[in-house]
Amino acid sequence: GDNCPYSYNPDQNDTDFDDIGDLCDICSFVLNQSINLTSEIRCDDDMDYAIYVDTDNITIDCKGFPIWGEDEDTGIDVDGRSGITIKNCIIKHFETGIYFRNAYNNYVLNSIIAENEDNGIYLYYSHNNSISEGEVAENNQDSSSNQAGIKIYYSDNPVFRIGRFRTGIFSP
């Protein structure tokens, strides 16, 4: 049968092998190839991430389309990967917008990371990552917490060239 009956899905792709077609299963999507978004992504609170990056050297190009959460979980989760480019994205209303964990030599370009509950971008044991252009704003409005627009934890050599930056950096 059709694994995504309400969307045109001629090749029946099911990257995470859960019997739900990729077109119908975009939240909690395990990404193992480059992707260009063709519409916005809206996620409910019953997932760990919108997109989990599962391979090196790929590009996520949102083409200006937003990825929306419900103030929980992670927008894009990059764990143990390198050579990832995230560009032209609007990532809002997650617990953390982009989470780099043990990740090296990755790029966030021309993106808006805003209005996330805790951190806009979290660098955790991640080195040589670059955030250029775009905006990091209005993440974590609770100044009494250890969260921030960009949180850096045991991470070396980050490069920031941000067009608009309106929330702090926290580095313990």
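The preceding data block contains the structure.
A quick note: this is a predicted structure, and the numbers were derived from the prediction, not measured. (Residues numbered from 1 in each chain as written. Predicted model: local features only at pLDDT ≥ 70, side-chain atom pairs only at ≥ 80, totals over all residues. Heavy atoms only, no water.)

J.: Looking at this structure, how should I read unusual backbone geometry?
T.: Working note: non-glycine residues mostly have negative phi, and peptide bonds are mostly trans. Of note, the phi angle at N110 is positive, near 50 degrees, even though the residue is not glycine. For N110, the location among the structural elements is in the loop between β11 (107-109) and β12 (112-114). The backbone of Y125 sits at a positive phi, close to 50 degrees, despite the residue not being glycine. With respect to the secondary-structure elements, Y125 resides in the loop between β13 (119-124) and β14 (130-132). On the basis of relative accessible area, Y125 is assigned to the partly exposed category, the value being 34%. (Helix = DSSP H or I, 4+ residues; strand = E, 2+ residues; numbered from the N terminus. Buried < 20%, exposed > 50% of the residue type's maximum accessible area, 1.4 Å probe, protein only.)

J.: Would you explain the nonpolar core in this entry?
T.: Grouped burial of nonpolar side chains is what soluble globular proteins tend to show. In this structure, I60, I67, I76, I86, I98, F100 and I121 are the most contacted members of the largest nonpolar core, which totals 33 residues. Only β1 (29-31), β4 (49-53), β7 (74-79), β10 (96-101), β13 and β16 (150-153) provide two or more residues apiece to this core. Here this core takes three residues from β4, the largest share from any one element. Leaving out residues up to four positions away in the same chain, F100 has contacts with V78, I86, N106, V108, I121, Y122, L123, Y124, S126 and N129. (Core = buried A, V, L, I, M, F, W, Y, C linked by side-chain atoms within 4.5 Å. Contact = heavy atoms within 4.5 Å.)

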